[in-house]
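Observations on chain architecture
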Amino acid sequence: MKDIADYETFTKIEAIHKGWSSDKKYYVETADGKKLLLRISDISEYEDKKREFDIIGRMSAVGINMYHQVDFGICNDKKSVYQLLTWVEGEEAKELLPSLSQKEQYDFGWEAGQMMLKMQRAESYPPSSEWAKIYGKRVEKYIEAYKACGETSACVDLLLSFLEKRPSSLDNRPMCLLHADFQSDNMIISPKKELYAIDFQGSGPVDPYYALGAVMVTAEVSPQFSTGQLHSYFGGSVPDDFWELNAYYMAAESINAFTVAAALGQEERDCSNEMMKAMLDWFDNFNNLIPSWYADANAAAETNSN
């Protein structure tokens, strides 16, 4: 680390052991009182991390609450690449949301929807066939990988059947530069009760409906937050075409998640199966594309607004 710019000003360095990223993460304090986040990655990831750092700058420029660029470079005798970012003070939304009132959860979700709309200003493309080509190839790889992984699941077989019987209308979709995993794990609620976005790894141009699929993960923690986010993004009611594409994306991504879990061991496979069962229960085995958690939270939101 000693070859990081201004390393001599660091008065405190604490390792952070949260998150799934392969990055080594540290909380840093400097002699002049600054609080920073230091991320260190293998030098082989230089181009990806440079792209990520650039995206952070572009997202920050549109005015959303998030960490900001401080420095980027090579360290550890050219074996590593580092990013220095401003520190976001607060508590992970995933941990705090369940302790809040339903209205507070919904309101924070509303903020998240507005943040997504702002993100789209950084880079956007009009509807075209490009996304269909990109995601279509991804789905083909997901299915091939599942068939080759040597493990089977009744849940995955049901998802495959859904994808085959109900091909999604991916054509003529817009694309925008968006957070790759905008769910409650990657949001911070500050002491001043402001919502912040963190962890932009893998972010890039995607169909906005695909990025919105993260609400399905957040719904496990706070259906009210996810409902507020959808209402905010769509300016009220959620259109039918979102639910149709969301179901398609959820089916495809769940197949991929199972394949990844299958390579990690029995515990991970069991966890993946339980997550798929919960999702299928929300959709009544895809007999209803509007998840049950949304119907309940939407009704509660309407009651609270009256």
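This text follows the structure it describes.
As the structure is a prediction and not an experimental result, all values here were calculated from the model.

Okay, the packing of aromatic side chains next. Under the counting rule described, the total for this entry stands at 25 aromatic pairs. On the numbers, 6.0 Å between centres and 65° between planes, the contact of Tyr 146 with Phe 258 is edge-to-face. Of this pair, Tyr 146 sits in helix 4 (residues 130-148) while Phe 258 sits in helix 9 (residues 240-262), and the two are 112 residues apart along the sequence. Each of the two residues, Tyr 146 as well as Phe 258, counts as buried. Between Tyr 233 and Phe 234, the ring centres sit 5.0 Å apart and the planes meet at 85°, which makes this aromatic pair edge-to-face.

As a further point, take the pattern of salt bridges. On inspection of all chains with the given rule, the structure shows 16 salt bridges. Here Lys 12 ties to Glu 14 by a salt bridge, and the two come within 3.3 Å at their closest N and O atoms. Under the relative-accessibility criterion, Glu 14 is labelled partly exposed at 37%. For Asp 32, the salt bridge identified is with Lys 34, shortest N-O distance 3.9 Å. Take Asp 32: its relative accessible area is 57%, and that puts it in the exposed class. Residue classification places Lys 34 among the partly exposed residues on the basis of a relative accessible area of 49%. Through salt bridges with shared partners, a single network forms among Asp 23, Arg 39, Lys 49, Glu 52 and Asp 199.

We now examine the side chain of Gln 224. Within the secondary structure, Gln 224 is located in helix 8 (residues 223-234). Contacts of Gln 224, omitting those with residues within four sequence positions, involve Gln 102, Gln 105, Tyr 106 and Ala 297.

The strand order 1-2-3-5-4 describes an open sheet built from 5 strands, whose pairing is antiparallel. A strand with exactly one partner marks an edge of an open sheet, and here the two such strands are strand 1 (10-16) and strand 4 (69-75). Recorded for the sheet is a direction-independent mean angle of 25° between the axes of neighbouring strands. Along the sheet face, helix 1 (residues 46-61) touches strand 3 (35-42), strand 4 and strand 5 (80-86) and points at about 170° away from the line of strand 4.

Parameters and conventions
Residues numbered from 1 in each chain as written. Predicted model: local features only at pLDDT ≥ 70, side-chain atom pairs only at ≥ 80, totals over all residues. Heavy atoms only, no water. Phe/Tyr/Trp six-rings, centres within 6.5 Å; stacked < 30°, edge-to-face > 60°. Helix = DSSP H or I, 4+ residues; strand = E, 2+ residues; numbered from the N terminus. Buried < 20%, exposed > 50% of the residue type's maximum accessible area, 1.4 Å probe, protein only. Salt bridge = Lys/Arg side-chain N within 4 Å of Asp/Glu carboxyl O. Contact = heavy atoms within 4.5 Å. Pairing = 2+ DSSP bridges. Axes fitted to C-alpha atoms, helices over the stretch in contact; angles between N-to-C directions.

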